[in-house]
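What follows is the residue order along each chain.
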Amino acid sequence: MYQHKTSDGQVIDLPVTRAVCIGRNYLDHIAELNNAVPDEALFFMKPAPALCDMSQPVTIPDDLGECHNELELAVLLNKPLKNASEEDVLAAIEGYGLALDLTLRDVQSKLKSQGYPWERAKAFDGSCPLSGFVPASTFSDPADIHFTLHINGEMKQQGHTAKMIRPLLALIAEMSRVFTLTPGDVILTGTPKGVGPLVAGDKIEAILEGGLTVTSRVEA
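If you're wondering where the values come from, they're calculated on a predicted model, not measured in any experiment. (Residues numbered from 1 in each chain as written. Predicted model: local features only at pLDDT ≥ 70, side-chain atom pairs only at ≥ 80, totals over all residues. Heavy atoms only, no water.)

Draft legend 1. Region of the structure containing helix 5 (residues 168–178). Inspection of helix 5 places Leu168, Leu169, Leu171, Ile172, Ala173, Met175 and Ser176 among the buried residues, and these make up the whole buried set. In this structure, the buried side of helix 5 is in contact with strand 1 (18–23), strand 2 (42–47), strand 6 (71–77), helix 2 (86–91), strand 7 (93–100) and strand 13 (186–188). (Buried < 20%, exposed > 50% of the residue type's maximum accessible area, 1.4 Å probe, protein only. Helix = DSSP H or I, 4+ residues; strand = E, 2+ residues; numbered from the N terminus. Contact = heavy atoms within 4.5 Å.)

Structure, rendered in structure tokens:
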């Protein structure tokens, strides 16, 4: 069973609740999928059973079309937030880590074409592999965090929080005006370009620069 942990494997005493996510928060990713830039933030959620340990084998469905990697900076909260200011958000961050927002792209494309919600493509069990979390004090500026994803030794994604359409603190504050965020919630902050299909046997290396490195492999 998944538990929030530090980067060195110590259990963090916070409940496992959900991941609260934003779609289309990097312009380069919007362009690679030929999507429109949204006027309002596109929020969605992954339930607790979606959360799993990224250091364990990443399991993908093998009968639902392509399953894409989407590496994102993940933020673990330790305080409730409602109508929060950016200062409130900063004070509520337990730590930073990495997440794979696994996406069944063929399923999502079909749902989008019909005007339906994305949960079947985004919220299935095991769809949110998470790294451990490093203390919030590791990074002095949330707008200057770099992260990368390598698959089979080749760099696929390179992200920098300075390139977010909605900066990290403002993003979480905006989320808190839509619904109350609770201790144990993980915020996924969007993915940069470089998404693509994963296949069984792929070797994954996810790096939060200055924080942690996670290696894993893909299983069907």
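Still to come is the rest of the account.
Draft legend 2. Representation of the nonpolar core within the structure. Within the largest apolar cluster, 50 residues are counted, with the highest numbers of intra-cluster contacts made by Ile93, Tyr96, Leu168, Leu181 and Leu208. Contributing elements (two or more residues each) for this core: strand 1, strand 6, strand 7, helix 3 (105–113), strand 11 (146–151), helix 5, strand 15 (203–208) and strand 16 (212–219). Per-element tally for this core: the top contributor is helix 5, with 6 residues. With sequence-adjacent residues up to four places away left out, leucine 168 is seen in contact with Leu73, Val75, Ile93, Tyr96, Pro142 and Thr189. Of all hydrophobic cores here, the second largest spans 17 residues; its members include Cys21, Leu51, Leu76 and Trp118. (Core = buried A, V, L, I, M, F, W, Y, C linked by side-chain atoms within 4.5 Å.)

Draft legend 3. Geometry of the sheet that holds strand 15. Taken in spatial order, the 5 strands line up as 4-16-15-11-12 in an open sheet, and their pairing is mixed. On the outer flanks of this sheet lie strand 4 (58–59) and strand 12 (154–160), each paired with one strand and no other. Relative to strand 12, strand 11 runs antiparallel, the two sharing 6 bridges. Counterpart to threonine 148 in the pairing with strand 12 is glutamine 158. (Pairing = 2+ DSSP bridges.)

Draft legend 4. Representation of the packing of aromatic side chains within the structure. Across all of its chains, the model carries 3 aromatic pairs by this definition. Between tyrosine 96 and phenylalanine 139 the ring centres are 5.7 Å apart and the planes differ by 85°, which places this aromatic pair in the edge-to-face class. Here phenylalanine 139 lies in the loop between strand 10 (134–135) and strand 11 and tyrosine 96 lies in strand 7, a separation of 43 residues in the sequence. Phenylalanine 139 shares its class with tyrosine 96; the two are buried. (Phe/Tyr/Trp six-rings, centres within 6.5 Å; stacked < 30°, edge-to-face > 60°.)

Draft legend 5. Quick look at the sheet that holds strand 8 (residues 103–104). Spatially, 8-5-14 is the arrangement adopted by the 3 strands of the open sheet, whose pairing is antiparallel. Of all strands in the sheet, those with a lone pairing partner are strand 8 and strand 14 (196–197), marking the two edges. Relative to strand 14, strand 5 (residues 67–69) runs antiparallel, the two sharing 2 bridges. Paired with histidine 68 across the strands is proline 197, a residue of strand 14.

Draft legend 6. Structural detail: the pattern of salt bridges. As enumerated under the stated definition, the model contains 8 salt bridges in all. Between aspartate 101 and lysine 122 there is a salt bridge; the shortest N-O distance is 2.7 Å. With aspartate 101 in the loop between strand 7 and strand 8 and lysine 122 in helix 4 (residues 119–122), this pair connects stretches of sequence that are 21 residues apart. Where arginine 217 meets glutamate 219, a salt bridge forms, and the shortest distance between an N and an O atom there is 3.1 Å. For arginine 217, a relative accessible area of 44% gives the class partly exposed. (Salt bridge = Lys/Arg side-chain N within 4 Å of Asp/Glu carboxyl O.)

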